[in-house]
Amino acid sequence: MFVVTGYAKSVNGVKRYRVKDVNHHSKTAGKTGYVTTNTDYTVRVYYAKRHVKIKVINAKGVNAYQKKNLTGKRAHYRYGQQLKVKKIVSHNLTTRFVLSNGTYVTANKKLVMTVK
């Protein structure tokens, strides 16, 4: 995963993202570089639109919290559980799903997936 810190153009005029590696245990953690802006090779890590249902795909499950900054743990949802989503909210550079019971869970695509 990378965080976009800026934009640049290559020598031949193609747009690039200036990125910082935020994978904590990788060899390149904290290093910066450039990545293509071509959507065939890059994708957002967090969902940006509301979906009706989500399914937990993280093997260790996900926690639900009282506040959108993910404090005040309220529940734990195991792998495979389906959850009803009421809305989606932004927090800093990320997004959170608000569940039907009013708690917040991450909208990270590596931890949850949408269900039709």
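Scroll up for the structure.
Not measured: the values here are computed from a predicted model.

About the cut-offs
- What you see as residue numbers is a count from 1 along each chain, following the sequence as written.
- With the structure being a predicted model, the display of local features is reserved for residues of pLDDT at least 70 and the display and counting of side-chain atom pairs for 80 or more, all residues being used for whole-chain, interface and lining totals.
- In computing side-chain properties, one takes all heavy atoms of the structure into account and sets aside hydrogens as well as water.
- The secondary structure listing takes helices from DSSP runs of H or I that are at least 4 residues long and strands from runs of E that are at least 2 residues long, numbered from the N terminus.
- Note on definitions: a residue-residue contact is assigned when non-hydrogen atoms from the two residues lie within 4.5 Å.
- One bridge is not enough; two strands pair if DSSP finds at least two bridges between them.
- Axis definition: a line fitted to C-alpha atoms, over the contacting stretch in the case of helices. Angles run 0 to 180 degrees between N-to-C directions.
- What qualifies as a polar contact is a pair of N or O atoms within 3.5 Å, subject to a donor-acceptor requirement within protein and to the restriction that residues adjacent in sequence count only when both atoms come from side chains.
- Remark: exposure states derive from per-residue accessible area (1.4 Å probe, protein chains only) relative to the maximum for the residue type, with buried under 20%, exposed over 50%, and partly exposed in between.

Asker: A description of the environment of valine 89 should follow, citing residues and the corresponding values.
Answerer: Examined against the element boundaries, valine 89 turns out to sit in strand S7 (residues 82–91). Ignoring anything within four residues of it in the chain, the contact list for valine 89 reads Lys68, Thr94, Thr95, Arg96, Val98 and Tyr104.

Asker: Tell me about the sheet that holds strand S3 (residues 32–36), and please be specific about residues and values.
Answerer: With respect to topology, 3 strands assemble into an open sheet ordered S1-S2-S3, the strand pairing being antiparallel. Strands with a single pairing partner mark the edges of an open sheet, and in this sheet they are strand S1 (2–9) and S3. Pairwise comparison of adjacent strand axes, ignoring direction, gives a mean angle of 35 degrees for this sheet.

Asker: Any chance you could break down the pairing of S1 for me, citing the residues and the numbers?
Answerer: In the case of a regular strand, side chains alternate between the two sheet surfaces. Across 7 bridges, S1 lies against strand S2 (residues 15–21) in antiparallel orientation. Looking at S2, one finds that valine 4 is bridged to valine 19. Between the antiparallel neighbours S1 and S2 lie 5 residues, among them glycine 13 with a positive phi of about 90 degrees.

Asker: Tell me about the side chain of threonine 106, and name the residues and values.
Answerer: Summarising the element assignment, threonine 106 is placed in strand S9 (residues 104–106). Polar contacts involving the side chain of threonine 106 include one to the main-chain amide nitrogen of asparagine 108, which spans 3.1 Å. What threonine 106 contacts, discounting residues up to four positions off in sequence, is Tyr46, Val62, Thr95, Arg96, Phe97, Leu111 and Val112.

Asker: Kindly report on unusual backbone geometry, identifying the contributing residues and their values.
Answerer: A positive phi angle, near 60 degrees, is found at leucine 70, a position not held by glycine. As for its placement among the helices and strands, leucine 70 is situated in the loop between strand S5 (62–65) and strand S6 (73–77). Given a relative accessible area of 26%, leucine 70 falls into the partly exposed group. Here asparagine 92, not a glycine, exhibits a phi torsion of approximately 55 degrees, which is positive.

The analysis is restricted to geometry; functional conclusions fall outside its scope.
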